[in-house]
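A structural walkthrough
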Amino acid sequence: MKVKVEGKVLNYKNIWFEGGKLHFIDQTKLPFKFSIFTSNNYRQTAAAIKEMKVRGAPAIGVAAAYALAQAALEFEGENLDGFVAHIKKASSAMKGTRPTAVDLFNAVDEILKVLEKGRNVEDCRELILNKAEALAEGSLQACRRIGANGEKLVKDGSSILTHCNAGALACVDYGTALAPLRLAHSRGKKIFVFVDETRPRLQGALTEWELQNEGIPHAVIVDNAAGFYMQRKEIDLCIVGADRIAVKNGYFANKVGTYEKAVLAKENNIPFYVAAPMSSFDFSIKEIPIEERSGEEVLYIGGRRIFAKGARAKNPAFDITPLEYVTAVITETGVFKPAEL
Ligand code: MRU
């Protein structure tokens, strides 16, 4: 992704692993400060995911995989049972960070699977490192292909609504919902993006930051304004990301507010697309756990309390949208209507 630092345009990935350390753009500092957070061990990586220094389904999946590589590197000794127990402990810590995005669970399980192949500690360590790198590269390539598959749906001159941040900052690079828009813009299509501010964590500020860096025309709107613009026929299509597509359940989870945007889109005959890699699919049948975050995130903005003392708040981080509201899902392998999934 393009990043503007002190007047220079640089190219950055959102997350990368070097010398046993995990580096990522610290999203709790954006959009005001561009800084890289370096995590020295899996415990720091777990804390960073919880605090949303790194966030977005694909990004936290990749971060969790690298966290297990960090756990593998820090283990001392040759005892294979001890090593496996250590990795399993780190896996539980990673799975306990955020409950909704399935990418994180899928990535941890992929790493645990390779453990079965290792004959000794050194072997296992190498297998884990290679798997984490492969997952990161796979995620990057998946987003690139989502961009290519989704770009065809974005006509020249169209206005697109997006919710939350499903951009490069939510992935290794490119993004899911933003990948088709990046590509459409780079191919010369004239597009305009409506950016939902996305209370309470304001991920819209991250989307705005990405679009500004790329030079893609856009405007931020408050979360309640989407219906207004849909009714005025100023929105041609919606593209959002997903934290978990539970195909057999017939619904997907994404940032809270997605459901009402999808219902409004259907009411106004506006196509509603979900862009997500296969790592965000859950083929089991079970209820999606919805993360409930602290009410303080609602009661304060930028550290300043905006409600009276004694006010209480509820703060679900995600909601559930039935697939009947979805026109199609844009994946790395193609664009599928819900019934084709
Ligand atoms: O709480 P967040 O910021 O991690 O939530 C992110 C979203 O809901 C994204 O839309 C989703 O993870 C897809 S990111 C490509």
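Look above for the structure.
Report on the accompanying structure. Small disclaimer: the values here were computed from a predicted structure and weren't measured.

1. Brief notes about the site of the ligand
- Around the ligand lies a shell of 18 residues, among which R55, R98, D243, N254 and K255 are the nearest.
- In the environment of the ligand, an oxygen atom lies 3.0 Å from a nitrogen or oxygen atom belonging to the backbone of G56.
- The backbone of A57 places a nitrogen or oxygen atom 2.9 Å from an oxygen atom of the ligand.
- Protein chains shield 99% of the accessible area of the ligand, which is 420 Å² for the free molecule.
- Among the elements of the structure, α2 (57-74) and β11 (251-255) are those that each provide at least two residues to the shell around the ligand.
- Its residues assigned to classes, the shell around the ligand comprises 9 nonpolar, 5 polar and 4 charged.
- Each of domain 1 (2-144) and domain 2 (147-340) gives at least three residues to the shell around the ligand.

2. Some details on the sheet that holds strand β10 (residues 244-246)
- Pairing is mixed in the open sheet, where 4 strands are placed in the order β13-β10-β11-β16. Of all the strands in the sheet, just β13 (281-282) and β16 (318-322) have a single pairing partner and so form its edges.
- Sheet topology note: the β10/β11 ladder contains 3 bridges and is antiparallel. Note on β11: the bridge partner recorded for I245 is F252.
- Along the sheet face, helix α9 (residues 258-267) touches β11 and β16 and points at about 30° away from the line of β16.

Rules and cut-offs
Residues numbered from 1 in each chain as written. Predicted model: local features only at pLDDT ≥ 70, side-chain atom pairs only at ≥ 80, totals over all residues. Heavy atoms only, no water. Near = heavy atom within 4 Å. Polar contact = N/O pair within 3.5 Å; in protein donor to acceptor, adjacent residues only side chain to side chain. Areas by Shrake-Rupley, 256 points an atom, 1.4 Å probe, with all protein chains shown as cover. Helix = DSSP H or I, 4+ residues; strand = E, 2+ residues; numbered from the N terminus. Nonpolar A, V, L, I, M, F, W, Y, C, P; charged D, E, K, R; others polar. Domains from an automatic or database assignment. Pairing = 2+ DSSP bridges. Contact = heavy atoms within 4.5 Å. Axes fitted to C-alpha atoms, helices over the stretch in contact; angles between N-to-C directions.

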